[in-house]
Structure formats: structure tokens, C-alpha cells
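# Architecture and fold: a report
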Amino acid sequence: MAWTSLALDLLGVFFFAVSGSLLAVRREFDIVGSLLLGTCVGLGGGILRDVILDAGVPRAFDSPIYLVPPVVAAVVVYFFAHAVQRFHDLLLTFDAAGMALFSVTGTLVALAAGMNPTAAAILGVVTAVGGGVIRDVVANDVPQIFRARGLYAIPALIGAALTSLASWAGWFGVGTGTAIAAVVFALRMVSLRYRWGAPPAGGHHGPALPPPAV
């Protein structure tokens, strides 16, 4: 199970890193910027989780193998990005795949560290969305979590909660984890396709609040 969790974790890092490198292409960064942006999104969420867990050196720094997926992602995008016409849609697809896997693996890491199921689910969400927020902020882009089109944090929360619940009930396994990640990915992509979104902060009725007086 530990080997499977590591494999899924590295796959999530790769998917997220590809999304970061694709965003670097859109922003016309060089190959170094592509590598750095892919590293930020691929490792950022896990580092935030490990810092909150006070687990010592984050596993991204303690295990050099975590640096391999961002390098591979930067190289792949460098050679094949010219053949891709719809960078934005591809970026969202890889971002959704990384988020789905991290909502599962992030929760498992928190549970293994001794967190209760609720806290573990919260840290699973942090793992799933934290890297994407860092990527978009560094690239001077609006973070996906704040955009009106598509659900982002909600699918991550559902995946983390299902993982925590399945682990607590003793039902979690490779098949269960894969199914949960697939549900999260599908929900994210369907919400993008049909432009689902969370309710606006100001509600649907009434005028917008005036800006605060200076």
C-alpha cells in the first residue's frame, strides 16, 4: 500500500507539473520558468501539508524522487507544446487530474501522521488545491479556486472526505482510491463543461455591497 500511495503521489506531481509548464508556455516563460512553475504546483500542496503536520523535513525535500516528475513534465511540454492548440483546456485537464489524485494521497498522508478523519480531510484539500494556488499567484493569474467557472475546492473536499471515510471504515484499497480520484476528476471536468459554480458570495438577489469608504 505504501508503494501504491507513492506511485499515485508521484503521478499527481507529474499531472500538476504539466499544468504548471503549460501555464508557463501561455505566459511565454523560458524553460527555467517552466521547470520552476511546474515544481511550485507539483510540490507546493504537499509541502504546505507537511509543514502543517509538523512532520519535519517535507517529503518533497527528503525524497529526491519527488523532483523527477517536474523535470519530466518540463521536458515533455518543451518538445510537444508546439503541437497543442488549446493550451487552456489541456491545462485544466492536467490540473483536474493532479487535484483528484492529491485529494486522495494528501488525506492518506495526514491519516498516517495520526490526524483524525476530519483534520485529515481538510489537509487533503490543502494538498489538492494549495499547489494550484501557488502556481497561479506566481504566474500572476487568477487562482482556479477563485474562478466562477467550474467547481474546484468542492470536488477536492468530496474526494478527501470519501478517502477519510473509507479509511476509517476499513474499506480503503487501491480500487477504492482509484474510484474516488476518478469521481473527483469527473466532477471537476463536468463542472467546467457545464459551467457549474458555487453560489456567489453576495447571493443572487439585491445590489452589490458598496466599496468601503477610504
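For the structure itself, look to the data block above.
Here goes a summary of the coordinates provided. (Residues numbered from 1 in each chain as written. Predicted model: local features only at pLDDT ≥ 70, side-chain atom pairs only at ≥ 80, totals over all residues. Heavy atoms only, no water.)

With that settled, the discussion passes to the packing of aromatic side chains. Inspection of every chain in the model, using the stated rule, returns five aromatic pairs. Aromatic pair Phe-15 and Phe-94: ring centres 5.8 Å apart, planes at 55°, arrangement tilted. Highlighted residues: Phe-15 in helix α1 (residues 2-26) and Phe-94 in helix α5 (residues 87-112), separated in sequence by 79 residues. Both rings, one in Tyr-78 and one in Phe-79, keep their centres 5.1 Å apart while their planes meet at 90°; by these two values the pair is edge-to-face. Judged by relative accessible area, Tyr-78 falls into the exposed class, the value being 55%. Joined through ring pairs, the aromatic side chains of Phe-14, Phe-15 and Phe-94 make up one cluster. When the ring centre of Tyr-194 is taken as origin, the NZ or CZ atom of Arg-193, which lies over that ring, is 5.2 Å away. (Phe/Tyr/Trp six-rings, centres within 6.5 Å; stacked < 30°, edge-to-face > 60°. Helix = DSSP H or I, 4+ residues; strand = E, 2+ residues; numbered from the N terminus. Buried < 20%, exposed > 50% of the residue type's maximum accessible area, 1.4 Å probe, protein only. Lys NZ or Arg CZ within 6 Å of the ring centre and 35° of its normal.)

Ranked by size, the top nonpolar core spans 27 residues in total, and within it Phe-16, Met-99, Val-104, Ala-128, Val-129 and Phe-172 carry the most contacts. The set of elements that each furnish at least two residues to this core consists of α1, α2 (31-53), α5, α6 (117-138), α7 (153-169) and α8 (174-193). Looking at this core, the element that brings in the most residues is α5, giving seven residues. Beyond its immediate sequence surroundings of up to four residues, Met-99 is in contact with Phe-16, Ala-128, Tyr-152, Pro-155, Ala-156, Val-184 and Arg-188. (Core = buried A, V, L, I, M, F, W, Y, C linked by side-chain atoms within 4.5 Å. Contact = heavy atoms within 4.5 Å.)

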